[in-house]
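Here is what each chain is made of, one letter per residue.
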Amino acid sequence: MLTKFETKSARVKGISFHAKRPWVLASLHNGVIQLWDYRMCTLLEKFDEHDGPVRGICFHIQQPLFVSGGDDYKIKVWNYKQRRCLFTLLGHLDYIRATYFHHEYPWILSASDDQTIRIWNWQSRQCISVLTGHNHYVMCAQFHPTEDLIVSASLDQSVRVWDFSGLRKKSVAPGPAGLAEHLRNPQATDLFGQADAVVKHVLEGHDRGVNWASFHPTLPLIVSGADDRQVKLWRMNDAKAWEVDTCRGHYNNVSCALFHARHELILSNSEDRSIRVWDMTKRTCLHTFRRENDRYWVLAAHPTLNLFAAGHDVGMILFKLQRERPAYALHNNMLFYIKDRQLRKLDMSTNRDAPIMQIKGGGRHQPYSMSLNHAEWCVLVTWRIGDSNTYELYSAPRDGEASTAPPEPLRGHATSAVWVARNRFAALEKNNQLVIKNLKNEVSKKIATPTCEEIMYAGTGMLLLREPECVQLLDVQQKRTIASVKVSKCRYAIWNSDMSLVALLAKHSVTICTKKLEQLCSITEGARVKSGAFDDSTPQPVFIYTTANHIKYCCKDGDYGIIRTLDVPVYAVKVIASETGARVVCLDREARPKVLNIDPTEYRFKLALVTRQYDQVLHMVRTAKLVGQSIIAYLQEKGYPEVALHFVKDARTRLSLALQCGNIEVALEAAKSLDEPAAWDKLAKAALATGNHQIVEMCYQRTKNFEKLSFLYLITGNLDKLRKMMKIAEIRKDVSSQFQGALLLGDVNERIRLLKNAGQLSLAFLTAITHKQLDEAEQLQAALEAANLPVPAPDPQAVFVRAPLPVQRAQPNWPLLAVSKSFFEVAGGARTAADASAVGAVADVAGDEPLEAAGAWGDDDDVLQENKEEGEGDVMEDACDDGGWDVGDEDLELPEELAPVPADIDGAEESSEYFVAPTRGVSLALGAKLKTAHDHVATGQFEIAFRLLNEQVGIVNFEPYLETFLSMYSSARLMFGALPQAPPLVAHLHRNWKEASGKDLLPVLTAKLNDLVAQLQQCYQLTTGGKFTEATERLRRAVRLVPLLQLDSKQELSEAQQLLAICKEYLLGLQMETDRKAMPKNTLDEQKRTCEMAAYFTHCKLQPVHQILTLRTALNMFFKLKNYRTAASFARRLLELGPRPEVAQQARKILQACEKTPTDEHQLLYDEHNPFNICGISYKPIYRGKPEEKCPLCSASFLPEHKGKLCPICGVAEIGKDVLGLRICVLQFQR
């Protein structure tokens, strides 16, 4: 008897197994019904509505129902999904002893102490038949598994068999045969009617009351148990029933008896505290299982599995009569296993299964295990039958040999027998002595192993010895233990193909060790561990093991997980892996080979991460369906949040992962989609830590955190926005924030005004007199005297409160360390966008055509509206209204920008208070190798840089470069404290510190082409949004930075020149469009001029999305001017660019209208067929071949009369100046 599960409770009076799920119901003497999961050993639910003991309990075979009957005379039908009683059937007048569902009909059978058996229809909730005939308590009644029969047992010492076919015919719709019979003879009637149920047989033979009777599942047999301590076997046919034999042995009342469904066995239990197993053919007792103090009351068998349950005084026990694990052995691709007393061989490569030989010993019992010697083709088979442990040594016929009758096997007594060499095997005898025997079963060596319980294979000449608390590795030759590992009650040892790893399986644990028994990991399972096999196809072997309800994996670093669920336990033999998946070859409990497909992606993914095979990881990320919180948690735990980002779509999780791996861009997207204050706060903290204060600014704006915004503007030197914050505080009527802003800006007049408005005249007077604002002080003194308030005396030692002037105003984002991106970030970037370094590729980032033209794009009305009011469409947008300083923020409404306040606001006479730095000396870090303007700026040699910029690209206006030069110079130096109480030292940062020294050292790069490319992307987006002023400022900044680059290759140089050309086209077009919008449109000539400029704008080489917008504007304006021929040309150019369907439809309508009258009403200075450049000052065409002057920096074209003027496009270079050309690449200085 193998105990699988045991419960402790009140006396169990009824038991029922679920047909499909691993559930068992136990009805107790105290009125409670318990629902247990016997596989997980957990109590799932309690049902407590009966008053008194519940003796009858039964699951429905298909529906989520069970029925119970108790001593309260009630039959209750329950729905276990809804966890409630559906209804109660009333009718019995005494205790209810048994309740059963019919396997097919909607019937319930109940037996009661009122001497009746009742049949109920649980759908109509009616009693449909009452079976009377017993004259004492009816202790048991059951339906036959297939026929229309009922067996009942009563204390009137009889067993009755009832035929209820009449009830079936009356209650159940006829099948096809019955229907045909009824149609053939519709007039036939049964004059006397037919009884619902009639007694077919009365079985009398017991001397006392009968407690139980049950049918055999397939044979016409009945077993009964009674208070006369006997178990009787009855046989029946259609005519009669008779007693076959009696099983005697119990010495108290027999409570229950039933047949074994698969073997010729009878099980019975009794109040004598024993369960007995009887041989049905010999009627002898085979086994007796006793409890010390508890009487048995009920027995139940699982409908399909080899599982039984018995209820006793203090609970319930689930057990099997024999072990169901098949005996098998593996050699390469061959599986050898024993089924139905035959040794069989399965070729796993061809799925060919064939018998090899007959196995003789063991009687009706299954072999416990087998061990294969593939060299000598011998098999050791062991049996454990009760206390008798034996083995048999067979010599198997080889392939190709004639299958003759196998020779008689050699036998011996031993607990275990395992091969240790090609001609030696080890056997563990009963006295715990290990003997080594040869192929003739002769002892060649003996080894004392006093505490060994089991021996297991461990390779040639080695054995694993299982002891109660550990497993030891024994060298058979040296007779000594080599290694030991602590594993309690190990049951099986499974080796991988090269014998480098072993998995030790206990009842609830898996331990993986090396061949020297060094423990690598151990996993504890809730369910029972059944078997396992290694997958050796992976970089590190993975152990695939089965539990009672799952197939799982375990890596040697301790990672484990579930691969799939199992309906019934199987025994894994081998894992066959392929690139796309894997198959597990298993044996089920009937020793039938099965192949289960499994998905190895999860453990292959984890192994690829562990072994740093990142290309494989990336392939899996893109192709495999890896989902679930466990994978994300695993990646976070192992430090791969950037990989976890590939799996996550939930914005909240993406935000936390992106912040964890420092990916501010992804975090920004997630925060935008969440749009919650908490998300913006998290992003602000992370962005502040990395110095990305533009995103910090956006976060504070979204959360309206004005105090933090003000402080951010202060520390980044953005005084203009700090002034705006002061004005916003005024709008919000937050006087405290307004005063603080004035204090930080050093705005004395504002502070005086605020104090005066707040009624603090004394403080206002002191502020004015201290800061030498004498006129204001006189007025305040007069106001104090008029109000009869004392005039405070100013402190002659007062020191002015001065706001610190920022060294660098409106700082860009802090420079970040040049760290290499992780493999996944690089690969992810390569997949989602083209190479970011190529400007041409970056041009695609301009985006799709906007759904509605935004910002400064305007005048694109539907010109086909006939009932348009006169003058509509001439309304001009403010060309400077670009959405304000709050980029991308619609929540903050800002006032009009005020006039700038000078930094020396307090008067020039106090300027002596500021520290003036002494004249700078020559630094030792400056060498003679500096060639580019970048290197001279980074080392502080501004004068030389000015001269180089003037000679190379004709720059004459250096004022815009002030902050750029200071920023580059400060970025190239490092200040650090060397000694305590000593001033900090300055060190220059170098880009070639690894390969150079001394005068060959070059300053670190402070301006990068990639940053300019990123700025260009932002300008594309600003242009799309119609924010022309901001886009123009950024484009100018990018153009001015190009001469300050330091490049290393011709490709980078060509990209920089391409960047200049793109910026020039955008600057010219946006300035021209801004000026056009500002022009008056009152007279015809003025309208013609604006149309000319709109037409010129379409010839600027912009991105297609922006080109479409320029063409739409020009098309509408020319159509209104009735220049239909030119308008048609614009319409054709627009359609060639493939705009959105609605735009294309409108353009086609205009084109059709223009083609009806293809003429121009007004003559304009515009010839679309003659190539031309546009003058950057007059905005007039300069046709090819005509004289023109160029800007040496941005290459913008101008009419000859503008030579010598400052270029309005870039704002720094002199038009037409003779220069050397752009020198920003080291290759340009090589001779």
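A brief structural summary. Because the structure is a prediction, the values reported are computed rather than measured. (Residues numbered from 1 in each chain as written. Predicted model: local features only at pLDDT ≥ 70, side-chain atom pairs only at ≥ 80, totals over all residues. Heavy atoms only, no water.)

## Brief notes about empty space enclosed by the protein
- Per the stated rule, a full pass over the model turns up four cavities of 30 Å³ or more.
- For the largest cavity, the calculated volume is near 250 Å³.
- Taken together, 15 residues line the largest cavity, and the ones lying closest to its centre are Lys 4, Tyr 38, Arg 39, Ala 548 and Arg 589.
- Residue composition of the lining of the largest cavity, by class: seven nonpolar, one polar and seven charged. (1 Å grid on protein atoms, 1.4 Å probe; cavity = no way out; pocket = protein on both sides within 12 Å on 5 of 7 lines; lining within 4 Å. Points joined across faces, edges and corners; volume = space filled by probe spheres on them. Nonpolar A, V, L, I, M, F, W, Y, C, P; charged D, E, K, R; others polar.)

## What about the pattern of salt bridges?
- A complete count under the given rule lists 41 salt bridges for this structure.
- The partner of Asp 353 in a salt bridge is Arg 344, and the shortest N-O contact between them spans 3.5 Å.
- Its salt-bridge partner being Glu 750, residue Arg 753 comes within 2.6 Å of it at the nearest N-O pair. Note that Arg 753 and Glu 750 are positioned in helix 14 (residues 748-757) at a spacing of three residues, about one turn of the helix.
- For Arg 753, a relative accessible area of 29% translates into the label partly exposed.
- Its relative accessible area of 9% is what places Glu 750 among the buried residues. (Salt bridge = Lys/Arg side-chain N within 4 Å of Asp/Glu carboxyl O. Helix = DSSP H or I, 4+ residues; strand = E, 2+ residues; numbered from the N terminus. Buried < 20%, exposed > 50% of the residue type's maximum accessible area, 1.4 Å probe, protein only.)

## Quick notes on unusual backbone geometry
- Unlike most non-glycine residues, Cys 41 shows phi in positive territory, near 60°.
- Mapping Cys 41 onto the fold places it in the loop between strand 4 (33-37) and strand 5 (42-47).
- Cys 41 gets classed as partly exposed once you look at its relative accessible area, which sits at 39%.
- One non-glycine residue, Arg 83, lies in the positive phi region at around 55°.

## Some words on helix 16 (residues 774-786)
- Its 13 residues place the ends of helix 16 18 Å apart at the C-alpha level, agreeing with the 18 Å of an ideal helix rising 1.5 Å per residue.
- Taken together, the buried positions of helix 16 are Ala 777, Leu 780 and Leu 784. Viewed along the axis of helix 16, the buried residues span an arc of 65°, placing them on a single side of the element. Exposed residues pointing more than 90 degrees away from the buried face of helix 16 are listed as Asp 775, Glu 778, Gln 779 and Ala 786.
- In this fold, the buried residues of helix 16 make contact with helix 14 and helix 15 (761-770). (Expected span 1.5 Å × (residues − 1). Arc of directions from axis to C-beta. Contact = heavy atoms within 4.5 Å.)

## Quick word on helix 3 (residues 601-610)
- With respect to burial, helix 3 is a largely interior element, eight of its 10 residues being buried.
- Among the residues making up helix 3, those that are buried are Thr 601, Tyr 603, Arg 604, Phe 605, Lys 606, Leu 607, Ala 608 and Leu 609.
- Arg 612 sits one or two positions beyond helix 3 and adopts a positive phi of about 60°.

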